[in-house]
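As a plain string of letters, each chain reads:
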Amino acid sequence: MLVDSHVHLNDEAFASDFSKAIAEAKENGVTMMLIPGWDLASSRLARDIARKFDGVYFAAGIQPENITPSWKEDLLEIEKLATDDKCLAIGECGLDYHWDSKEETKLSQKRCFAAQIELANRLGLPLSIHARDASQDTYEMLREHNALHSAVLHCYSGSPEMLRQFAELGLYFGFDGPITFKNAVSPKECVKECPIDRLLLETDSPYMTPVPFRGKRNEPKYIPLIAEAVSALKDLPLRVVAEKTSDNFIRLFHVKL
Ligand SMILES: [Zn+2]
């Protein structure tokens, strides 16, 4: 059994064939998938897809690059979505200073992130966190606001040193395509550093396509390639990687099997 803990089957890239992508993933042993939203509309679509398939779940949230002037009202609707049986987390949410690191942008991202940590705490849910070029602030936000039901840092792109600090907060770490790239040093170091009981597999489809399919649309059926890369980097049998990462997913997201 394998899990794709972060897959955007709600992206327009899958609009015409998400059913096929799910069926092919299952044929490749990927029996559980979590579809995160990035705003209200994509969270609703994630729910609609998740409801149709066994083993497919969703998360509802506002991603930092998708904050609109109406985000507070949208969060009230996201709260309603999050009471659905298939909703496993709030997210993706977090901080992203990659394209815009103006102080006012940082401030508005922090407000929206804090509100979503509080929402997750109130609903008893974990978080799916998007953090890019913002490790230190993400760490400080999590220390200040305390995610009571834990969280995964999806597509972890911080340093191995920061990973150790996040691990002390009890967090989980999602790894995807970059750990298969020939020249990617840091993601590979981070996999080595990550405790196996905190590691999650993800594709982040349709983005982050792993070797040897770079340049094509990423798909949840490629999860075995991520598992193989983790197995090689951590020198663990593939069976152990599959078992541990699936257990981690079930534990973090309180999946009832
Ligand atoms: Zn995502």
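Look a little higher up for the structure.
Below you will find a few notes about this structure. The shown structure was predicted, so the numbers you read here are calculated from the model rather than taken from an experiment.

Time to look at the coordination of the zinc ion. Taken together, His-6 (NE2), His-8 (NE2) and Glu-92 (OE) make up the full set of protein donors to the zinc ion, lying 2.0 to 2.1 Å away. Here His-6 falls in the buried class, since its relative accessible area comes to 1%. What makes Glu-92 buried here is its relative accessible area of 3%.

Strand order across the open sheet formed by eight strands is β1-β2-β3-β4-β5-β6-β7-β8, with parallel pairing between neighbours. Each edge of the open sheet is held by one strand with a lone partner, namely β1 (2–4) and β8 (199–201). Averaged over all pairs of adjacent strands, the angle between their axes in this sheet comes to 30 degrees, without regard to strand direction. Judged from the four bridges that link them, strand β2 (residues 30–36) and strand β3 (residues 56–60) form a sheet pairing that is parallel. Note on β3: the bridge partner recorded for Leu-34 is Tyr-57.

Before going further, it helps to examine the state of the cysteines. Per the stated rule, a full pass over the model turns up zero disulfides. Looking at the unpaired Cys-93, the closest cysteine sulfur is the one in Cys-112, lying at 7.8 Å. For Cys-93, a relative accessible area of 0% translates into the label buried. Judged by relative accessible area, which is 1%, Cys-112 ranks as buried.

Conventions adopted
Residues numbered from 1 in each chain as written. Predicted model: local features only at pLDDT ≥ 70, side-chain atom pairs only at ≥ 80, totals over all residues. Heavy atoms only, no water. Donors = N, O, S within 2.8 Å, 3.2 Å for Na, K, Ca; no water. Buried < 20%, exposed > 50% of the residue type's maximum accessible area, 1.4 Å probe, protein only. Pairing = 2+ DSSP bridges. Helix = DSSP H or I, 4+ residues; strand = E, 2+ residues; numbered from the N terminus. Axes fitted to C-alpha atoms, helices over the stretch in contact; angles between N-to-C directions. Disulfide = S-S within 2.5 Å.

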